[in-house]
Amino acid sequence: MLYLLGMLSTAAAMMFADGANAPTVTPPAANQPVSMTTVPVRPEIKKLNLNSFEQGIVDRTNAQRAQYGLPALEIDPTLQEQARSHAAWMTNNRSLQHTSAMVGENIGLGQHSAEEIVTDWMNSSGHRANILNGSYHKIGAAAYTAADGSIYWCEQFVR
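Residues numbered from 1 in each chain as written. Predicted model: local features only at pLDDT ≥ 70, side-chain atom pairs only at ≥ 80, totals over all residues. Heavy atoms only, no water.

A. A look at the confidence of the model for the protein. Per-chain confidence: the protein averages 78 in pLDDT, with 70% of residues scoring 70 or above. Below a pLDDT of 50 lies the segment residues 1–46, which in the model reaches 131 contacts outside its immediate sequence neighbourhood of four places, other chains included. (pLDDT = per-residue confidence, 0-100. Contact = heavy atoms within 4.5 Å.)

B. Layout of the pairing of strand 7 (residues 104–109). Taken across its six residues, strand 7 has six buried, putting it largely inside the fold. By the alternation rule, side chains of strand 7 split into Gly104, Asn106 and Gly108 and Glu105, Ile107 and Leu109, which are all buried. Summarising the sheet, strand 7 and strand 9 (residues 151–158) pair through six bridges and their orientation is antiparallel. Across the sheet, residue Gly108 finds its bridge partner in strand 9, namely Trp153. (Buried < 20%, exposed > 50% of the residue type's maximum accessible area, 1.4 Å probe, protein only. Helix = DSSP H or I, 4+ residues; strand = E, 2+ residues; numbered from the N terminus. Pairing = 2+ DSSP bridges.)

C. Summary view of the pattern of salt bridges. On inspection of all chains with the given rule, the structure shows four salt bridges. Salt-bridge contacts for Arg84 lead to Glu81; the nearest nitrogen and oxygen are separated by 2.8 Å. Taken together, the residues Arg84 and Glu81, both in helix 2 (residues 77–93) and three residues apart, mark about one turn of the helix. Asp148 is the partner of Arg94 in a salt bridge, and the nearest nitrogen-oxygen pair spans 2.5 Å. Note that Arg94 is positioned in the loop between helix 2 and strand 7 and Asp148 in the loop between strand 8 (138–145) and strand 9, a separation of 54 residues in sequence. Overall, Asp148 belongs to the exposed group, its relative accessible area being 52%. Three or more residues joined by partner-sharing salt bridges are found here, namely Glu54, Glu81 and Arg84. (Salt bridge = Lys/Arg side-chain N within 4 Å of Asp/Glu carboxyl O.)

D. Geometry of the packing of helix 1 (residues 52–67) against helix 3 (residues 114–122). At a minimum axis distance of 8 Å, the contact between helix 1 and helix 3 shows a crossing angle of 40°. Our classification of the angle between helix 1 and helix 3 gives oblique. Read as a crossing pair, helix 1 and helix 3 show a hand that is right-handed. Touching Phe53, Gly56, Ile57, Arg60, Thr61 and Gln64 of helix 1 are Ala114, Glu115, Ile117, Val118, Trp121 and Met122, all from helix 3. (Axes fitted to C-alpha atoms, helices over the stretch in contact; angles between N-to-C directions. Parallel < 35°, antiparallel > 145°, perpendicular 65-115°, else oblique. Left-handed = near helix turned anticlockwise from the far one by under 90°.)

E. Local environment of the packing of aromatic side chains. Applying the stated rule across the entire model yields two aromatic pairs. Taking the centre distance of 5.4 Å and the plane angle of 25° together, the rings of Phe53 and Trp153 count as stacked. A residue pair is termed long-range when its members are at least 10 positions apart, and Phe53 in helix 1 and Trp153 in strand 9 qualify at 100 residues. For Phe53, a relative accessible area of 12% corresponds to the buried category. Centre to centre, the rings of Tyr136 and Phe157 are 5.4 Å apart; their planes meet at 15°, and the pair counts as stacked. Here the residue Tyr136 occupies a position in the loop between helix 4 (125–131) and strand 8, and Phe157 occupies one in strand 9, the gap between them amounting to 21 residues. Phe157 gets classed as buried once you look at its relative accessible area, which sits at 0%. (Phe/Tyr/Trp six-rings, centres within 6.5 Å; stacked < 30°, edge-to-face > 60°.)

Here it is as structure tokens:
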């Protein structure tokens, strides 16, 4: 069963969704992401480590934007940590629920890859609107796997 939620928000161990053999990690505030890729954020900001699922979400979201002539979203370190924190919260609480932070947000449950989640978001008008919103310039993305194998997805956007 697949679930998706997307909107502009107004208001105990887990695993990164890097595959079936990903190690158990603590919540994002204390974690070291697995399957790391170093991704430049901005020259004046130190490099941010994204796992393969996070990078896949960002890459596929930006590929969709490029198809519509929109600029790529920049990974924002603060937004990245917020997305990780919210995905961890959803995983720990087994709840697909939007954050109360003032961000554009797409969330999902049940997809098995970054490609699948972005495809599902693009096939949903509300999620698609977030991805193709030309006023957004920054992104954070995360995915965590619950003990039963369910993957909770989160991408957040700001201007």
